[in-house]
Amino acid sequence: MPAETFEFQVEARQLLQMMIHSIYSNKDVFLRELISNSSDALDKLRLETLRDDTLQADTSDLHISIEADKEKRTLTVRDNGIGMSHDEVVQLIGTIANSGTAKFLRELKEAKDAAASEELIGQFGVGFYASFMVADEVTLVTRRAGESQGTRWNSDGEGTYTVESVDDAPQGTSVTLRLKPEDTEDQLFDYTSPWKLREIVKRYSDFITWPIRMAAAAPGEDGAEPAVETVNSMKALWARSKDSVTAEEYSELYKHISHDWTDPLETIRMQAEGTFEYQALLFLPSHAPQDLFMQGHKRGVQLYVKRVFIMDDCEALMPTYLRFVKGVVDAQDLSLNVSREILQQDRQIEMMRRRLVKKVLSTVKEMMSASPENYRTFWKEFGRVLKEGLLQDFENRDALLEVSSFASTQDEEGLTTLRSYVDRMKEGQDQIYFMTGESRAAMESSPHMEAFRAKGLEVLLLTDPVDEVWVQSVPEFDGKQLQSIAKGEVDLDSDEEKEKAEAEREQRQQEYAGLLAWMTEQLGDSLKEVRLSSRLTVSPACIVSDTHDVTPALENMYRAMGEEVPHIKRILELNPSHALISSLRKAHAALGSEPDAGTELAETAELVHGLALLSDGGELSDPARFSRLMADRLERTL
Ligand code: ADP
Ligand code: MG
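Residues numbered from 1 in each chain as written. Chains lettered and ligands numbered in written order. Predicted model: local features only at pLDDT ≥ 70, side-chain atom pairs only at ≥ 80, totals over all residues. Heavy atoms only, no water.

Draft legend 1. Main features of the sheet that holds strand β23 (residues 570-574). An order of β21-β23-β22 is seen for the three strands of this open sheet, with the pairing classed as mixed. For this open sheet the edge positions go to β21 (527-532) and β22 (541-544), each flanked by a neighbour on one side alone. Across the sheet, the axes of successive neighbouring strands diverge by a mean angle of 25°, strand direction being ignored. Two strands pair when backbone bridges link them, and β21 and β23 are joined in this way by five bridges, in the parallel orientation. Directly across from leucine 527, in β23, lies its bridge partner arginine 570. (Pairing = 2+ DSSP bridges. Helix = DSSP H or I, 4+ residues; strand = E, 2+ residues; numbered from the N terminus. Axes fitted to C-alpha atoms, helices over the stretch in contact; angles between N-to-C directions.)

Draft legend 2. Representation of the environment of histidine 448. Among the secondary structure elements, histidine 448 is positioned in the loop between α14 (440-444) and α15 (450-454). Residues contacting histidine 448, with those up to four places away along its chain left out, are Met435, Ile485, Ala486, Arg535, Cys542, Ile543, Val544 and Asp616. Among the polar contacts made by the side chain of histidine 448, one reaches the main-chain carbonyl oxygen of isoleucine 543 at a distance of 2.9 Å. (Contact = heavy atoms within 4.5 Å. Polar contact = N/O pair within 3.5 Å; in protein donor to acceptor, adjacent residues only side chain to side chain.)

Draft legend 3. Structural detail: the nonpolar core. Of all hydrophobic cores here, the largest spans 150 residues; its most connected members are Phe30, Trp153, Leu303, Phe324, Phe378, Leu386 and Trp470. Ranked by size, the runner-up nonpolar core spans 26 residues in total, among them Leu516, Leu523, Leu532 and Ala541. (Core = buried A, V, L, I, M, F, W, Y, C linked by side-chain atoms within 4.5 Å. Buried < 20%, exposed > 50% of the residue type's maximum accessible area, 1.4 Å probe, protein only.)

Draft legend 4. Geometry of the pairing of strand β16 (residues 411-417). Two strands pair when backbone bridges link them, and strand β15 (residues 405-408) and β16 are joined in this way by three bridges, in the antiparallel orientation. Pairing of serine 408 across the sheet is with aspartate 411, part of β16. Counting the residues in the hairpin turn of β15 and β16 gives two residues.

Draft legend 5. Quick peek at the pattern of salt bridges. All chains considered together, the criterion is met by 46 salt bridges. Across the pair aspartate 136 and arginine 178 runs a salt bridge, and its minimum N-O distance is 3.1 Å. Of this pair, aspartate 136 sits in strand β4 (residues 135-143) while arginine 178 sits in strand β7 (residues 172-179); the two residues are 42 residues apart in sequence, bridging distant segments of the chain. Here the residues in one salt-bridge network are Arg32, Glu33, Glu252, Lys255 and Asp263, joined through shared partners. (Salt bridge = Lys/Arg side-chain N within 4 Å of Asp/Glu carboxyl O.)

Draft legend 6. Representation of empty space enclosed by the protein within the structure. Summed over the entire model, instances satisfying the criterion amount to three cavities of 30 Å³ or more. Roughly 70 Å³ of internal volume is contained in the largest cavity. For the largest cavity, the full set of lining residues is Ser39, Asp43, Phe207, Ile208, Thr209, Trp238, Leu253, His256 and Tyr304. Those elements that provide at least two residues to the lining of the largest cavity are α2 (29-51) and α7 (247-258). Residue classes in the lining of the largest cavity are distributed as five nonpolar, three polar and one charged. Quantified by volume, the second largest cavity comes out at close to 50 Å³. (1 Å grid on protein atoms, 1.4 Å probe; cavity = no way out; pocket = protein on both sides within 12 Å on 5 of 7 lines; lining within 4 Å. Points joined across faces, edges and corners; volume = space filled by probe spheres on them. Nonpolar A, V, L, I, M, F, W, Y, C, P; charged D, E, K, R; others polar.)

Draft legend 7. Geometry of the sheet that holds strand β18 (residues 460-462). One open sheet accounts for six strands, arranged β16-β15-β18-β17-β20-β19; its pairing is mixed. Every interior strand has two partners, whereas the edge strands, β16 and β19 (476-477), have only one. Where strand β17 (residues 431-436) meets β18, three bridges bridge the pair, whose relative direction is parallel. The residue bridging phenylalanine 434 from the neighbouring strand is leucine 460, located in β18.

Draft legend 8. View of the packing of α2 against α7. Where α2 contacts α7, the two axes come as close as 10 Å, and the packing angle between them is 65°. Both α2 and α7 take part in a crossing whose hand is right-handed. On α7, the residues that touch Arg32, Ser36, Ser39 and Asp40 of α2 are Glu252, Lys255 and His256. Of the residues in the contact of α2 with α7, the class split is no nonpolar, three polar and four charged. (Left-handed = near helix turned anticlockwise from the far one by under 90°.)

Draft legend 9. Region of interest: the packing of helix α1 (residues 10-20) against helix α4 (residues 101-110). Axis separation between α1 and α4 bottoms out at 11 Å; the angle between their running directions is 45°. With respect to each other, α1 and α4 are oriented oblique. Relative to α4, the crossing made by α1 is left-handed. Contacts from Glu11, Gln14, Leu15 and Met18 of α1 reach α4 at Thr101, Phe104, Leu105, Leu108 and Lys109. The class makeup of the residues in the contact of α1 with α4 is five nonpolar, two polar and two charged. (Parallel < 35°, antiparallel > 145°, perpendicular 65-115°, else oblique.)

Draft legend 10. Quick look at the side chain of arginine 144. If you trace the backbone, arginine 144 turns up in the loop between β4 and β5 (150-155). A relative accessible area of 16% places arginine 144 in the buried class. Here the side chain of arginine 144 touches glutamate 48 through a polar contact of 3.3 Å, side chain to side chain. Sequence-distant contacts of arginine 144, that is, excluding residues within four places in its chain, are made with Glu48, Ile82, Gly83, Met84, Ser85 and Glu88.

Draft legend 11. A look at the pairing of strand β13 (residues 308-311). Bridging between strand β12 (residues 300-305) and β13 involves three bridges; their strand directions are antiparallel. From the neighbouring strand, valine 305 faces β13, where its bridge partner is valine 308. Taking the residues between adjacent antiparallel strands as the criterion, β12 and β13 are bridged by two residues, where lysine 306 takes a positive phi near 45°.

Draft legend 12. Expanded view of the site of ligand 1. Surrounding ligand 1, one finds Asn37, Ser38, Ala41, Lys44, Asp79, Met84, Leu92, Ile93, Gly127, Phe128, Thr173 and His259. Between ligand 1 and the protein, one listed contact pairs an oxygen atom with a backbone N or O atom of phenylalanine 128 at 3.0 Å. In the model, an oxygen atom of ligand 1 is placed 2.4 Å from a nitrogen or oxygen of the histidine 259 side chain. Compared with its free state, where it exposes 530 Å², ligand 1 has 77% of that area covered by protein. At the level of secondary structure, the elements contributing two or more residues to the shell around ligand 1 comprise α2 and α3 (86-94). Counting residues per element, the shell around ligand 1 draws most heavily on α2, which supplies four residues. Class assignment for the residues of the shell around ligand 1 results in five nonpolar, five polar and two charged. (Near = heavy atom within 4 Å. Areas by Shrake-Rupley, 256 points an atom, 1.4 Å probe, with all protein chains shown as cover.)

Draft legend 13. View of α4. Taken residue by residue, α4 has Thr101, Phe104, Leu105 and Leu108 as its buried positions. Along the long axis of α4, the arc covered by the buried residues comes to 95°, so they all point the same way. Of the exposed residues in α4, the ones pointing more than 90 degrees away from its buried face are Arg106 and Glu110. Residues of α4 that are buried make contact with α1 and α5 (114-124). (Arc of directions from axis to C-beta.)

Draft legend 14. A look at unusual backbone geometry. In this model, arginine 73 sits at a positive phi of 55°, which is unusual for a non-glycine residue. Here arginine 73 lies in the loop between β2 (64-69) and β3 (74-79). In this model, arginine 307 sits at a positive phi of 75°, which is unusual for a non-glycine residue. Mapped onto the fold, arginine 307 is located in the loop between β12 and β13. Of the residues examined, arginine 307 reaches a relative accessible area of 33% and is grouped as partly exposed.

Shape descriptors only; they carry no functional weight alone.
See the structure below:
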């Protein structure tokens, strides 16, 4: 069959262009990527033979080899792993599966300079395509274990690639790079130099558990072919003593597991001995992946059994709200045949998971004091995900609240923890006040904030969509009730003030009883009640929710998700110290039983209601009518 020519998928083409024009300065990593793929392929083959004993595969000497040819300027990385079928080659090498690619490319386009682009590439990690940083032609020959027909893939990275069948391909995959002509003079940059290659393997791939073989640097005795040596130590990092592993080595393992090119923020090691023995090596990444909030995002913890890789993204080991944690868990007492279903029901696994979760949370807690800078990065990248835990993980709710931080009226830029909020609470204050909303600015100018500002009370400003949800189900922190300032009645006065205020309120209540009853009736279709406010100082009116009602933002969220939500009637609160409201009362009192003047007053009531809605970012039920009434009024003032 003749070679077929295919076009790269658009995103793949864009990425390749960037690789060819090399906006990434550390080109050495191409080798790490190829070795990482080979290592995965060997893991997969071992697993498949374990599960399927009819698979015709040779597993007698699984390894990776690196062969360089100085004269031809080629470099080959070969493995005898799982290989790929014809269709898999087209699927896997011609397209980019990562669901965050589009977003990533968009950001890349907007990146200001080379450094910013490089940082983005680093966060994304481009895998196999990294070969095109150093090669102007790449040839991949592969045969899937168990199949007889092999496939040859070839490309110069410029838009198209060819695929053809080959008869004599060995099991597994070889990737041959024709190296770019540049930098040939210097041994240090020459990717055919045995020293250079050895150095790269040692630096980036030493922990790979499969042998990586290379011809020895020096020829054998009497000029014979150099002997073949294994270059890596093959020791699993988590099996080595803590002191013997460097931060760089941990980083490289992290990069192999996560396909991220940047260093992790934090490394966590754990060990359990006794009846259920395991080692864990977990990482907190330094940035969120592009697809963290997309469906199908994988959890990054790999399961090993006695040093043998068993599965990626083992969901039994991490709850979804910790889906960003990467790492390895190596259990000594599981069967190599263990399935996901069995893991989900295993009590030992459940206990292990609980310990891992606690360890991750306590690590974050330690970060808060040991390296506040890292904690801030962590919270910026993953805080939104972590807060999902407040809804899912009752057992760790307190620990989660301890490590969470929020914007607050106290601090213009920084965030505060609940703990420090509580430490700052005023005498007599027994609740933690918060407000939810779309932006800090909108909340700060909200009428709900007025009385709190006047009294110098701190209010937490919650802007993440998930905040709307968890605040409904978390009643308190450290014995202090969490109180929305836009819900229920607020009572901010001291005892003395209270008595005075109580008397005043009583009097006002009597004065306003008529107006309130009338307005409640007028606006009864859309409102539950019209009452006097104790939270307003500047604005004439505001909308509040009943203590147990769903907030307007949450109501909108449910609607946006296509759920049927019955219309929830809110409460309109009036500020009796505002001239508009006191004049309204007088006008209503003077009205008597004149029906004509009533129409105009009813319109005023409607306008007051509309203003209250707008001041909080709410929606008017009939905006056209509102602006007509408003225009009418304005005209009369001229
Ligand atoms: P990633 O490793 O992040 O998935 P890569 O670009 O490195 O992305 O590789 C893309 C896919 O191509 C891999 O997921 C794998 O399925 C396949 N692949 C690459 N190299 C090999 C190999 N040596 N053997 C088998 N499959 C491979
Ligand atoms: Mg890869």
